[in-house]
Every structure is written in C-alpha cells, then in structure tokens.
Amino acid sequence: MKTYTYEKSRELFKRALKVVPGGVYGHLGPAEGCFMPVDAFPFFASRAQGAYFWDADGNRFIDYMCAFGPNILGYNDPDVDAAAHAQLKEGNCASLPTAKMVEFGELMTDTVEMADWAFFCKNGGDTTAFAIMIARAATGRKKIVLTRGGYHGVAPWTQKAGHPGITPEDVANNLYAEFGDYAALERLFTENRGEIACFMATPYHHPVFEDNRLPPDGYWKKVRELCTREGVVLAVDDVRCGFRLDTRGSDAHYGFKADLECFCKALANGWNVSALCGTDALRDAAASIMYTGSYWLSAAPIAAAVACVTKMRRIDSAKICLEKGTKLTEGLAAAGKAHGFNLVVSGEPSMWFMRIADDPDFDHHQAWVAECVRRGVYFTNHHNLFINTAVSDEDIRFTLEIADEAFAAVKRDGPLSARKGWQS
Ligand SMILES: Cc1ncc(COP(=O)(O)O)c(C=O)c1O
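Residues numbered from 1 in each chain as written. Predicted model: local features only at pLDDT ≥ 70, side-chain atom pairs only at ≥ 80, totals over all residues. Heavy atoms only, no water.

Asks: How would you summarise the side chain of Thr 329 if you had to cite specific residues and measurements?
Replies: Counting through the fold element by element, Thr 329 comes out in helix H10 (residues 317-338). Setting aside anything within four residues of it in sequence, one finds Thr 329 in contact with Val 345, Pro 349 and Trp 352. (Helix = DSSP H or I, 4+ residues; strand = E, 2+ residues; numbered from the N terminus. Contact = heavy atoms within 4.5 Å.)

See below:
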C-alpha cells in the first residue's frame, strides 16, 4: 500500500512555530518523545468520526490514542452530542449553574461506587490539585505521597525540582514510593507518621516509556487499611483509567474504596468537563475550600457528560473496551511472533502499553510504529494506547493486516538506525 505523506501538516507546523511556543505543545506535540521518527507522524487533524480521525492532508487513521483518552464511545457519538447541542440551544455559560449540574451530581453518586458527592471542573489536573487541597484541609498535614513516575497533570507540585519553572519549594512536601511496593509505602508512612495528608496513585501504574504494572495481589486492600490506620486520605487518580476498566470506578474494579477519586478524559466523550468524587467524611473539607473556574459549571459539557455516563452504563463500555482490547492486543502479539518479534503487551487491554522486546533504544519498536502510522493505524511509541467502543471487528482486522505488513517492513528494512531518510 502507498504510505502517507504530510505536506499540509508540515506547512501548518511552520506557521504554528511562529505564533505558538513550540508549535504544538505538550503530549500532542512532536517535541515530547512520543513521535519518533517525527517524519512518520501527522501533526494536525482536520476531522474525526467514530474510531477514525483524518489529518490535515486528508489521510485517514484508525485512532488508538483516542485523543489520549476522551474518545470512548467513538468521536461525535450521536447521543452525547445531541445532549450537548440541545443544552447549547438552551444556554451554556450563564451567571448561575443549571439543573444539569445537580442531575450530573446525582448520576455520578449513583454510578461511582465510592461517591457520596461530586465536584465538577474542566481538566484532570483541576481534580488532582483539588484532591490534594482537600486532604490537607481535612488532616491539617502538609506531606503527600506519590508513586515514582506517576502522572497527575502539569501543576508545579506534580513536576520535578529543577525542571524549567519548578522550584524546590514546589515539591518540598512530596514523598515518593514505587507503585506496588507495599513495604516501601508502609516504611514511608512510619517515618513520617502524623505528617502525611494524602497518598495519591493511579489504579495501576501507566507511566510512559516503561511496561505498565498492574497492582500486585492484595496491594490495594493493604494500602486501604494502612491509610485508614494512619489517617491518610487515599486519592485514586482515575483520570486516565476511569470508565475503561469499570463504570463504578477503578477502585471498585480492584476491590477497594478510595476516599477521593479523580475523573476526566472518558467522562464526556471529548466535551470538556472533569469530576472529583468523594466520601461523606471529606464533604465539609471540600466545601470549605475556595475553588472554581470561569467555565467549570458550563451546562453543555455537563449535559454531554450526563449522556455519556448514562450510555457507558447502559452498554457497559468498559467491558466492550476490555474485550476489543484483548482481541486486538492478542492479534498484534501474534503478528509480531509470525515475523520473529516479541511484542510485549502490558497494562489492561483497554489501555495497553506495548514494546518490542530485546530492542535497545526502541530501535525496532519505533520503526514498527512508524510503519503502522504511515499506513493509517495511529499508535504512538512510548505512551499507553487506548481503545473505544466504535472500533469494529473490521477495524481490528484491518489493523492486524497493517501490523503484519509493518512487521514485515521492519524485518526487511531493519531498525531505525539502519535506515536513511527518516528523521528522528
Ligand atoms: C492519570 C492522569 N492524571 C491527571 C492527568 C491530567 O489531566 P489533564 O491533562 O486533563 O489536566 C492526566 C492526563 O493525561 C492523567 O493521565
């Protein structure tokens, strides 16, 4: 098949560089490390529908990044978009919230098993920051424990001292433990007894550039007991996994109950709203904090979220994503094996991570991903992938055909370092 080229994307990027710092910033931009070799990737989308997006040059991709999580029901889901558009006609951003906010709160507390209340913002990072503030307000303690390599947004406290713009004071109250290492966590809690406000972690460990790690057997149950015993607030950052493992919350999926749980991404299928859920014990602390934003109670995204959560519950989107992800990842690994490559898949199948084994510097892996992307299967290299309910059996069949062709091309032409003409 003829492979894609990206002339219009590149023209747009040149223009963007003049007027936007970095051209395209953050994880959607080519500087971040997910896009290597950069030549293989488009930089701008023109439209999206269902399981696909089209880039600025008109190339179609089956999208396994799902906008880095928001796309769970397929782009432009008719039920979600109809609810948002109906609300837009009534009004969106007014001087008061609408009844939709109350409806959304009722739906979230009915859906998320641990939730006695819900609070709405815009981005995932708004909810993780609020969770930390609530824990500090409730306990009167300063320190927080995070997992090494975990991601909770871009606020200064989530970053590393010495990174541009970050001072030592920004992270002075942070302690770090390896995800899944209960003994290390218990030690930290003992060494800092009476000083730790919060332990925040994702339900399973999904860092970039590394195999993703599921919680060891019994880990969360012991962590729950430890937090209760030590008076530490247990905050689960479900921004990425939320609704891809279980519509009741990923803590329910792994058999424990968080005190605070952060949601965003899949919550409204791409409309901009996030939610922090909490238990009764933290209700007063949450209410005591001054926390809000210009658009946080806009009605249209909230109407979209109500429709999205309702639909995710009705069709059990998490189960569909887990099943489709299993079929796809088993097929990808088999395609690799047929060409002599060991494709290691980790994490949960609805949000998996993959790399080719015995591949120093990701040299074969990046070449394989590039061969897939230039044939219309959109993966990135070192971030976890996502699936959505709109991916059909035919899409999976097509993906596996492309994956097979891409493995054959890597076998024939070698890893990136052996090739000429591809810019990394
Ligand atoms: C686990 C996790 N927490 C927090 C965030 C931050 O969310 P946002 O980028 O919407 O602020 C993300 C975003 O990728 C995430 O994956």
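On we go from here.
Asks: So what about the site of the ligand? Which residues, and what values?
Replies: The environment of the ligand is made up of 13 residues, and the closest members are Gly 124, Gly 125, Asp 237, Arg 240 and Lys 265. Note that an oxygen atom of the ligand is positioned 2.8 Å from one of the backbone N or O atoms of Gly 124. Summarising the interface, the protein chains cover 87% of the accessible area of the ligand, which totals 390 Å² for the free molecule. Of the residues belonging to the shell around the ligand, the class tally is three nonpolar, seven polar and three charged. (Near = heavy atom within 4 Å. Polar contact = N/O pair within 3.5 Å; in protein donor to acceptor, adjacent residues only side chain to side chain. Areas by Shrake-Rupley, 256 points an atom, 1.4 Å probe, with all protein chains shown as cover. Nonpolar A, V, L, I, M, F, W, Y, C, P; charged D, E, K, R; others polar.)

Asks: Explain helix H4 (residues 124-139) to me, and be specific about the residues and the numbers.
Replies: A rise of 1.5 Å per residue sets the reference length of H4, with its 16 residues, at 22 Å; its end C-alpha atoms lie 23 Å apart and thus fit the reference within 8%. Among all positions in H4, only Gly 124, Asp 126, Thr 127, Thr 128, Ala 129, Phe 130, Ala 131, Ile 132, Ile 134 and Ala 135 are buried. Once H4 finishes, Gly 140 follows within two positions and takes phi at roughly 70°, a positive value. (Expected span 1.5 Å × (residues − 1). Buried < 20%, exposed > 50% of the residue type's maximum accessible area, 1.4 Å probe, protein only.)

Asks: Before we move on, could you go through the sheet that holds strand S5 (residues 143-147) and cite the residues and values that matter?
Replies: With mixed pairing, the seven strands of this open sheet are ordered in space as S4-S10-S9-S8-S7-S5-S6. The two strands at the open ends of the sheet, each matched to only one other strand, are strand S4 (117-121) and strand S6 (174-177). Averaged over neighbouring strand pairs, the angle between their axes works out to 20° when direction is ignored. In this fold helix H3 (residues 99-111) packs onto S4, strand S9 (260-263) and strand S10 (274-278), with an angle of close to 125° to the strand it touches most, S4. (Pairing = 2+ DSSP bridges. Axes fitted to C-alpha atoms, helices over the stretch in contact; angles between N-to-C directions.)

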